[in-house]
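Examination of the molecular architecture
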Amino acid sequence: MNKNDLLKSIAISGYNVGFGTKKTYATYDIVQKVPGWIGLLSIIVSVVGLYREELSSKDVSAFFIFLSVAGLYINFYDNEKEKYDKIGKKQTEIYDSLRDLYHEVNGDEKPDANKYLERRSALMRDFSSVSVSKQIFGSNWYAHYKFFYEMETGWIEEQRPFSWKDKVPKSFLLFIAAVIILMFFYLC
């Protein structure tokens, strides 16, 4: 294996670990923050609804019933949220180790591919051993944001450039299209 193929292999592993890490943290963030935001929004709309009649409509009430059901769904993850935080920290360490390995290989004039591939494989085994397959609804969309817009991914992009299609989940685009269509029918 030549140096470029080795770098690409490490960068692809970095992408997988980095995105998986952000998905774990996305689940943690959603479980940690969304119920509080739902409660705050409900209180604000309820108080304002006391003197603004349009906020006391059946449509607004139905919307908050849906939000309450979402809050109940999120609460199923509440007893595991600390686990997601702990796993996310371990996954971040693995991501950082892959980044360091990438730079080490990049700086090596004649890298020993077998040595570096074994280190990459060990890191990927560590990642697999701590990964959680159960993630909350919406974590994939949020993970896209966290990975592509908050995380330093320049070293990955040297080997695997990202386009806007990579950065925006297709399911999110379909969701937006469905919302627009439903709004059109609702307003007409």
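Quick summary incoming for the structure in this document. (Residues numbered from 1 in each chain as written. Predicted model: local features only at pLDDT ≥ 70, side-chain atom pairs only at ≥ 80, totals over all residues. Heavy atoms only, no water.)

What to know about the overall build of the chain
For the chain, the helix and strand inventory stands at eight helices and zero strands. Of the regular secondary structure in the chain, the N- to C-terminal order runs α-α-α-α-α-α-α-α. By the compact-globule yardstick of 16 Å for 188 residues, the chain is too spread out, its C-alpha radius of gyration being 22 Å. Expressed as lengths along the three principal axes of its C-alpha atoms, the size of the chain is roughly 75 × 40 × 20 Å. Evaluated residue by residue, the chain yields a buried proportion of 35% over its 188 residues. Of the contacts made within the chain by residues no fewer than 6 positions apart, 82% connect residues no fewer than 24 positions apart. Of the roughly 11,900 Å² of accessible surface on the chain, 61% is carried by carbon and sulfur atoms. (Helix = DSSP H or I, 4+ residues; strand = E, 2+ residues; numbered from the N terminus. Rg over C-alpha atoms; globule rule 2.2 N^0.38 Å. Buried < 20%, exposed > 50% of the residue type's maximum accessible area, 1.4 Å probe, protein only. Contact = heavy atoms within 4.5 Å. Areas by Shrake-Rupley, 256 points an atom, 1.4 Å probe, with all protein chains shown as cover.)

Remarks on the nonpolar core
It is characteristic of soluble globular proteins that their nonpolar side chains tend to be buried jointly. Counting 26 residues, the largest nonpolar core has Leu6, Ile10, Val17, Leu98, Val105, Phe147 and Trp155 as the members making the most contacts within it. Sorting the residues of this core by element identifies helix 1 (3-49), helix 3 (81-107), helix 4 (113-130), helix 5 (139-150) and helix 6 (154-157) as the ones contributing at least two each. In terms of residue count, the dominant contributor to this core is helix 1 (seven residues). In this structure Val17 touches Gln91, Ile94, Tyr95, Leu98, Met124 and Phe127, once residues within four positions along its chain are discounted. Of all hydrophobic cores here, the second largest spans nine residues; its members include Ile74, Tyr77, Tyr84 and Ile136. (Core = buried A, V, L, I, M, F, W, Y, C linked by side-chain atoms within 4.5 Å.)

Interpretation note: all reported values are geometric properties and have no functional meaning in isolation.
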